[in-house]
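Structural features, examined
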Amino acid sequence: MQIIASAPNNAPPTATQHAEAHGLANDIHFGVINRANRLQLVRKSPINTLPEEIILNIFKLGMSSRNSKKRIDFAVSVSQVCKTWRTVAFSCSSLWADITITADNMYNINGDLTIMNLSLLRAKEFASRSRVFPLSVRLKLFVTHSPEHLRSSTIVIMNWLRWVLPRVKYLSVHCNTLDVAWLVMKHLQTVPMETLETCKMKYGTAALSLDPSIDPPPPTRFLFLADQMDGQAMANFFRTFPKLTRVKVSGLPVSWSQWSLMRLTSLSINFMTLHDRPSMEVLKFILTINSKTLEKFEIQGALQRLGTVHLDASESLTTLPRLTDLTLGYLSQWEVIIFFLYFSAPALKHLKLCDISRSVLIQCWPQYFKDGFHLNNPIFQNIDALRPFEDFSSTILLEKLAHHVTSPLPEVETLTLEHFVLPPIFSEAFLKANDPLKQYYGARVVLAYRMLQLCSRLRCLALIDPAECFIHALNMYPNGADTYSSEPAPALTHLYLASPYPDRLMLFLKRRAESLAEEKVLHVLDYLELATEKKNVGCLLEAIVSHNLDLSRLAKSSLVTEWKGIFTT
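Residues numbered from 1 in each chain as written. Predicted model: local features only at pLDDT ≥ 70, side-chain atom pairs only at ≥ 80, totals over all residues. Heavy atoms only, no water.

1. Some words on the overall build of the protein
Looking only at helices and strands, the protein features 19 helices and 16 strands. Looking at the protein as a whole, 49% of its 569 residues qualify as buried. The long-range fraction of contacts in the protein, counting pairs at least 24 apart against all pairs at least 6 apart in sequence, stands at 76%. As displayed, the protein offers around 28000 Å² of accessible surface, 55% of which is attributable to carbon and sulfur atoms. (Helix = DSSP H or I, 4+ residues; strand = E, 2+ residues; numbered from the N terminus. Buried < 20%, exposed > 50% of the residue type's maximum accessible area, 1.4 Å probe, protein only. Contact = heavy atoms within 4.5 Å. Areas by Shrake-Rupley, 256 points an atom, 1.4 Å probe, with all protein chains shown as cover.)

Structural data, given as structure tokens:
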């Protein structure tokens, strides 16, 4: 024992020491000593000699992920590496600022409200370790056993959460029962949240807004985003949310006519049932009182369907001077057409237009639409939100964007078009228009080309499930046949194409390669991404190789990948 103990801590035993130690097997096994020596070497490795300041910076870089689950897992992982890392992790309050609470493993004990839930226990520990640092809290409250059980669990969660709400900076609540939504709202209304900047409230799913079997909600609407008070009570209400700048509400009934939130920089209103959607007048009021600060606006499945509306000639457009990012998801193309009749955004840079009707229907009732979308499908007769069915198109919308004087396209730098369906149903004005390109190309190709050509500043284009006319329009060069302009449309730097049909993507590649080979003005892209269904990725890659297509001649950087979204064709 004495001989072994005299050996240097970071050196293996000598042969003599080994021989003498061999006879002491009943006392200390040599393998234990050898492992201890190796551990000493590990403790002196470079990673364990880093200053705490550098370790702290490493932790902060690890928290840069946009995925909250990854940030939470990262915090737990680095705190379990060694004593030094654990000490540094505990000293970093921001490392523990993300809290997610779920209701998937909550259990009542002996009938009372004692809750056994790992996410709640972890939330309490994270809140303690974060000290006074602003928190990001996500509640995912879904029925797992029974609604009554979820109700009692929600009460316990909210009773604890009220103690940390004053320092919550980001709050996201997602539930699938109105009863739970009411409970959450009730607790939120009674607690000051002077630090709150971002609030996201979601009830149910996108498909729920179209489900005709859902009973209408009670007459009373949620007042979390509205105010019914006067005088001093109203002043106190505004002091409760002095920093709230980003709001996203989906599926929840809201008191639109009593909306009082102002100074918003980002607002999202998504997937409301027909009787819960704000009228265009109410929407105009909401956007007007936020017009001086609003930079991002999203509304999907929540625009009212009013048919063709003719505004009074004396009524001017509502200008949103700071709006740069706009997303419009529509069930009828007239929803978007009417929106642009009411609003203008001179600073708009990023525009996304999506026909959500098909994607929502496939999510909710896939068995009815596996063979395509036919208007004689009996399920349409029960969905008021999709009537009239002849508007199941984007053709007229494309016409308005390409030819209307108030079109936002000339200023747009990023454009995303999802699930655009373009049946050959044109307005009389378009059919009578004397466009020279109609002599050489089909009407839909000309329309797509004119729309893209109008985007004079467009640099990034994403086409999800595009009609074939867009594939042709992207590679058109009229060679003098176009008396309007001889420039191709448009001068892109980034192009994203996603289609369930590999042949359609191959058509684009071959046409693009032919145009470049003929030394037309079409330039090499900075980035090209092609996406298709997982089962077709291999086929697409094989087709590219078999046709000897060199993607490096089409774009400086390219990617062929799996599309993880929803295709509707």
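2. Description of the pattern of salt bridges
Enumeration over the complete set of coordinates arrives at 10 salt bridges. As a salt-bridge pair, Arg71 and Asp98 come within 2.8 Å of each other at their nearest N and O atoms. Here Arg71 is found in helix 5 (residues 68-78), whereas its partner Asp98 is found in strand 1 (residues 98-102), with 27 residues between them in sequence. Residue classification places Arg71 among the buried residues on the basis of a relative accessible area of 12%. In this structure Asp98 comes out as buried when scored by relative accessible area, which is 10%. One salt bridge connects Arg129 with Glu125, and the closest N-O pair in it is separated by 2.9 Å. (Salt bridge = Lys/Arg side-chain N within 4 Å of Asp/Glu carboxyl O.)

3. Details of helix 16 (residues 443-454)
Taking 1.5 Å of rise per residue, 12 residues should cover 16 Å, and helix 16 covers 17 Å from first to last C-alpha, within 8% of that figure. Residues of helix 16 that are buried: Val445, Val446, Leu447, Ala448, Tyr449, Arg450, Met451 and Leu452. The elements touched by buried residues of helix 16 are helix 14 (395-403), strand 12 (414-418), helix 15 (428-432), strand 13 (460-464) and helix 17 (468-474). (Expected span 1.5 Å × (residues − 1).)

4. A closer look at the packing of helix 14 against helix 16
Closest axis-to-axis distance for the helix 14/helix 16 pair is 8 Å, and the angle between their directions is 40°. On the basis of the axis angle, helix 14 is oblique to helix 16. Considering the relative orientation of helix 14 and helix 16, their crossing is left-handed. Taking contact as the criterion, the partners of Thr395, Leu398, Glu399, Leu401, Ala402 and His403 in helix 14 are, on helix 16, Leu447, Ala448, Arg450, Met451 and Leu454. (Axes fitted to C-alpha atoms, helices over the stretch in contact; angles between N-to-C directions. Parallel < 35°, antiparallel > 145°, perpendicular 65-115°, else oblique. Left-handed = near helix turned anticlockwise from the far one by under 90°.)

5. Considerations on helix 19 (residues 534-546)
Buried residues of helix 19: Asn536, Val537, Leu540, Ala543 and Ile544, and no others. The buried side chains of helix 19 occupy one side of the element, clustering within an arc of 135° when seen end-on. With respect to the buried face of helix 19, the exposed residues turned more than 90 degrees away are Lys535, Glu542, Val545 and Ser546. Each element contacted by the buried residues of helix 19 is listed here: helix 18 (502-517), strand 15 (525-532) and strand 16 (555-562). (Arc of directions from axis to C-beta.)

6. Regarding a positive patch on the surface
A grouping of Arg66, Lys202, Lys248 and Lys296 is seen on the molecular surface, where their side chains present a positively charged patch. With respect to the helices and strands, Lys202 occurs in strand 4 (residues 198-203). (Patch = residues over 30% accessible without salt bridge, like charges linked within 9 Å, V, L, I, M, F, W, Y side chains within 5 Å. Lys, Arg positive; Asp, Glu negative; His and termini not counted. Charge placed at Lys NZ, Arg CZ, Asp CG, Glu CD.)

7. Here we look at the confidence of the model for the protein
Residues of the protein with pLDDT of at least 70 account for 71%, and the chain-wide mean is 77. Per-element confidence in the protein ranges from a low mean pLDDT of 39 for helix 1 (residues 2-5) to a high of 95 for strand 7 (residues 296-300). Below a pLDDT of 50 lies the segment residues 1-26, which in the model reaches 18 contacts outside its immediate sequence neighbourhood of four places, other chains included. (pLDDT = per-residue confidence, 0-100.)

8. Brief notes about the side chain of Gln333
Counting through the fold element by element, Gln333 comes out in helix 12 (residues 333-342). The class for Gln333 is buried, based on a relative accessible area of 2%. At 3.4 Å, the side chain of Gln333 forms a polar contact with the backbone nitrogen of Thr395. (Polar contact = N/O pair within 3.5 Å; in protein donor to acceptor, adjacent residues only side chain to side chain.)

9. Section: the packing of aromatic side chains
Under the counting rule described, the total for this entry stands at 12 aromatic pairs. Considering the side-chain rings of Phe90 and Trp96, the 5.9 Å spacing of their centres and the 65° angle between planes classify their relative orientation as edge-to-face. You can call Trp96 buried: its relative accessible area is 0%. Plain terms: the ring middles of Tyr496 and Tyr527 are 5.5 Å apart, the flat faces sit at 50° to each other, and that makes the pair tilted. Placement of the pair is Tyr496 in strand 14 (residues 494-498) and Tyr527 in strand 15, with a sequence separation of 31 residues. Put simply, the rings of Phe297, Phe339, Phe340, Tyr342 and Phe343 pair up and form one aromatic cluster. (Phe/Tyr/Trp six-rings, centres within 6.5 Å; stacked < 30°, edge-to-face > 60°.)

10. Things to note about unusual backbone geometry
Despite not being glycine, His419 has its phi angle at roughly 60°, a positive value. Its location among the elements puts His419 in the loop between strand 12 and helix 15. The class of His419 is buried, set by a relative accessible area of 4%. The backbone of Asn548 shows a phi angle near 55°, a positive value even though the residue is not glycine.

11. Describing the pairing of strand 12
Burial analysis of strand 12 places 4 of its 5 residues in the buried class, which makes it a mostly covered element. Note: strand 11 (residues 350-355) against strand 12, 5 bridges, orientation parallel. Counterpart to Leu351 in the pairing with strand 12 is Leu415. (Pairing = 2+ DSSP bridges.)

12. Observations regarding the packing of helix 4 (residues 52-62) against helix 6 (residues 83-91)
Between helix 4 and helix 6, the least distance of the axes is 10 Å, while the angle of their chain directions is 65°. With respect to their mutual orientation, helix 4 and helix 6 come out roughly perpendicular. Read as a crossing pair, helix 4 and helix 6 show a hand that is right-handed. Facing Glu52, Ile55, Leu56 and Phe59 of helix 4, the residues of helix 6 in contact are Thr84, Trp85, Val88 and Ala89. Of the residues in the contact of helix 4 with helix 6, the class split is 6 nonpolar, 1 polar and 1 charged. (Nonpolar A, V, L, I, M, F, W, Y, C, P; charged D, E, K, R; others polar.)

13. Side note on the environment of Ala123
When you line up the elements, Ala123 lands in helix 7 (residues 118-129). When its relative accessible area of 2% is taken as the criterion, Ala123 is described as buried. Spatially, the C-alpha atoms of Ala123 and Ile101 are 6.9 Å apart, while their sequence positions differ by 22 residues. Filtering out sequence-adjacent residues up to four positions away, Ala123 remains in contact with Ile99, Ile101 and Trp160.

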